[in-house]
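Per-entry structural report
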Amino acid sequence: MSATDRDEHAFVASLPTDLYIAGEWRAASTGDRFDVIDPATEKVLARVADASVADGESALAAAHAAQHEWGRTAPRERAEILRRAFDLVTARADDFALAMTLEMGKPLAEARGEVAYGAEFLRWFSEEAPRIAGRYSTAPDGRNRLLVVQRPVGPSLLITPWNFPLAMATRKVAPAIAAGCTMVLKPAALTPLTALLLTEVLKEAGLPAGVLNVIPTTHAEAVTGPLIKDARLRKLSFTGSTEVGRRLIVDAADQVLKVSMELGGNAPFIVFDDADIDAAVDGAVLAKMRNGGEACVAANRFLVHESVCAEFTEKFTARIAAFVTARGTEPHSTMGPLVDAATRDKVAALVEGAVTEGSRVALGGSVLPGPGYFYAPTVLVDVPHDAAILREEIFGPVAPIITFTSEEEAVRLANSTPFGLVCFAYTRDLKRGLRLAETLETGMLGLNAGVVSNAAAPFGGVKQSGLGREGGAEGIHEYLETTYVGIADPFAETAE
Ligand code: SIN
């Protein structure tokens, strides 16, 4: 029986819902549990153990106790655990997809796409673990020798968001495992079930007790605050809003923690006058509507050359109009609900504000009747260049379109934000594409491509979009630190 036609209740009842500390599933020390809600029905899906401050402390103690031994395991052993986890996640793709659709809302087809994307971090970092390398060289003066070694940074706190419940967890957990770090994972309280299922799989793959400790909680600040100030913690990795990230960086300063921050974005999607418009429309649909627009990398502003704006807008709007909004488990659904009422209401308020400021609704523009937190896929045109919606991260299925007249203006508009996570640009001019790679203030550029996410690539932003990179050859270095050994000239004569 496939995951799609099995009884949902039985499936959810089969998922782990306890904390995972020191290799054991356990209830919260307070006995408290919290509700996980299906955003398409607004009904309770499951009740998950709600970690207390004491549970956070136990999780860090377990990670700290396991670090010494885990940090000395053979890279090949860590690689094989990750590779087995990749195989297990892939074998249970239907389970992971259904868990994500139920707790987060995305359609099953998209959830399956996330399983492939999320699993890939396990495979990629299984391949990186045996390749952690140092170097040995001769000092420029020809005398001393320089030995550089890489070591696991140590116990790490990983805080993951709700929008990609699997991929955002594997993007942190896999490199930490590969590097030889132990960890405490705090998944988002809106979507803890996928992370707990991943934990079950990693346990089955042979991850030793104490290496991964998982503490879903509704008291995020109270539970993680003391961990960040605890001298046993050495690393903090966070994906979420710039507002929270900024606060965490301040907290992390106390222990001078190594930090990775994957924060907010305000991605421009630029269509130049020489672009292949059909390809640009394909890319725009992906860049905007992947994950229902609930992604830091979602295109937030469409900057279209005035000479091609009418054609682009007409074709793009027709494609957006074809989205079918329904519960993600429905086979015909291509757009699920937003994750909760607050997210839906924020999107609605941004659209209302844009209309008040003079934008015109070409499509959608309204909350859809419940139950469920649905918002109509929306296209806004004639958006004033100073509209608030162009400055805010929308995190929903809304596409505001503005025009420009020159490359210089497009770059100025694209850069006119404190964020710099990703830009998308469509042009047939190779030289222009290369110029954009040097003039756009961004960590990532999709050149004639509507999706840049790839386990083999360094994901991350500049400016207020973050610090550090996840994935690629760079990703493992977030969990390593460098020790340099200065060695006296081996040919120097020693005094007898
Ligand atoms: C994000 O929204 O933070 C991540 C999106 C991705 O990895 O593609």
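Residues numbered from 1 in each chain as written. Predicted model: local features only at pLDDT ≥ 70, side-chain atom pairs only at ≥ 80, totals over all residues. Heavy atoms only, no water.

**Topic: the site of the ligand**
Note the following rule: Nearness is defined per residue: one heavy atom within 4 Å of the molecule or strand is enough. For the purposes of these results, a polar contact is taken to be a pair of N or O atoms within 3.5 Å, where, inside protein, one atom must be able to donate a hydrogen and its partner to accept one; residues adjacent in sequence count only when each atom of the pair is a side-chain atom. Using a 1.4 Å probe, accessible areas were evaluated by the Shrake-Rupley method; residue-level cover was limited to the displayed protein chains. Nonpolar residues are Ala, Val, Leu, Ile, Met, Phe, Trp, Tyr, Cys and Pro. Charged residues are Asp, Glu, Lys and Arg, and all others, Gly as well, are polar. Boundaries of every domain are those given by an automatic assignment or by a domain database.
Close to the ligand lie Tyr117, Asn163, Phe164, Met168, Arg171, Glu262, Arg290, Ala295, Cys296, Val297, Ser453 and Phe459, which account for all nearby residues. Here Arg171 contributes a side-chain N or O atom positioned 2.9 Å from an oxygen atom of the ligand. Between Arg290 and the ligand, the recorded distance is 2.8 Å, taken from a side-chain N or O atom to an oxygen atom. Summarising the interface, the protein chains cover 100% of the accessible area of the ligand, which totals 260 Å² for the free molecule. When its residues are assigned to classes, the shell around the ligand shows seven nonpolar, two polar and three charged. Summarising the domain contributions, the shell around the ligand has at least three residues from each of domain 1 (3-263 + 465-482) and domain 2 (267-447).

**Observations concerning the pairing of strand S4 (residues 43-49)**
Moving residue by residue along a regular strand, the side chains alternate between the two faces of the sheet. Which entries qualify depends on this criterion: The pairing criterion is simple: DSSP has to find at least two bridges between the two strands. A run of H or I in DSSP counts as a helix once it spans at least four residues, and a run of E counts as a strand once it spans at least two, with each numbered from the N terminus.
Pairing between strand S3 (residues 33-38) and S4: six bridges, direction antiparallel. Across the sheet, Asp38 pairs through a bridge with Lys43, a residue of S4. What sits between S3 and S4 in their antiparallel hairpin is a turn of four residues, with Glu42 showing a positive phi close to 65 degrees.

**Examining the domain arrangement of the protein**
What counts, and what does not: We call two residues in contact whenever any of their non-hydrogen atoms come within 4.5 Å of each other. Accessible surface is computed with a 1.4 Å probe, and the buried area is the amount of it that two parts give up when combined, taken over both parts together. Any carboxyl oxygen of Asp or Glu that lies within 4 Å of a side-chain nitrogen of Lys or Arg is treated as forming a salt bridge with it.
We note that the domain assignment places domain 1 (3-263 + 465-482) and domain 2 (267-447) within the protein. Here the C-alpha centroids of domain 1 and domain 2 sit 30 Å apart. Taken together, the contact pairs 26 residues of domain 1 with 28 residues of domain 2. Looking only at domain 1, the three residues that lose the most surface to domain 2 are Ala40, Trp162 and Ser465, adding up to 22% of its buried area. With a closest N to O distance of 2.5 Å, Arg327 and Asp38 form a salt bridge.

**Remarks on the nonpolar core**
Our working rule: Side-chain atoms within 4.5 Å are what join buried Ala, Val, Leu, Ile, Met, Phe, Trp, Tyr and Cys residues into a set we call a nonpolar core. Between buried and exposed lies partly exposed: a residue is buried under 20% and exposed over 50% of the maximum accessible area for its type, with that area taken using a 1.4 Å probe on protein chains only.
Grouped together as the largest cluster of nonpolar side chains are 106 residues, with contacts concentrated most on Val89, Phe269, Val271, Phe302, Phe312, Phe316 and Ile401. Residues from two domains meet in this core; each of domain 1 (3-263 + 465-482) and domain 2 (267-447) gives at least three. Aside from chain neighbours lying at most four places away, what touches Ile401 is Phe302, Val304, Cys309, Phe312, Thr313, Phe316, Val379, Leu380, Val381, Asp382 and Val383. In terms of nonpolar packing, the next biggest core, distinct from the first, is built from 27 residues, Val347, Leu380, Ile389 and Leu436 among them.

**A few points about the pattern of salt bridges**
Going through the model one piece at a time under the given rule, you end up with 30 salt bridges. With its nearest N and O atoms 2.9 Å apart, the salt bridge here joins Glu8 to Arg327. Taken together, the residues Glu8 in helix H1 (residues 8-13) and Arg327 in the loop between helix H11 (309-321) and helix H12 (341-356) connect sequence positions 319 residues apart. In this structure, Arg123 and Glu120 form a salt bridge, with 2.9 Å as the shortest nitrogen-oxygen distance. Of this pair, Arg123 and Glu120 both sit in helix H5 (residues 108-128), three residues apart, which is roughly one turn of the helix. The network of salt bridges with shared partners includes Asp273, Asp274, Glu407, Arg432 and Arg435.

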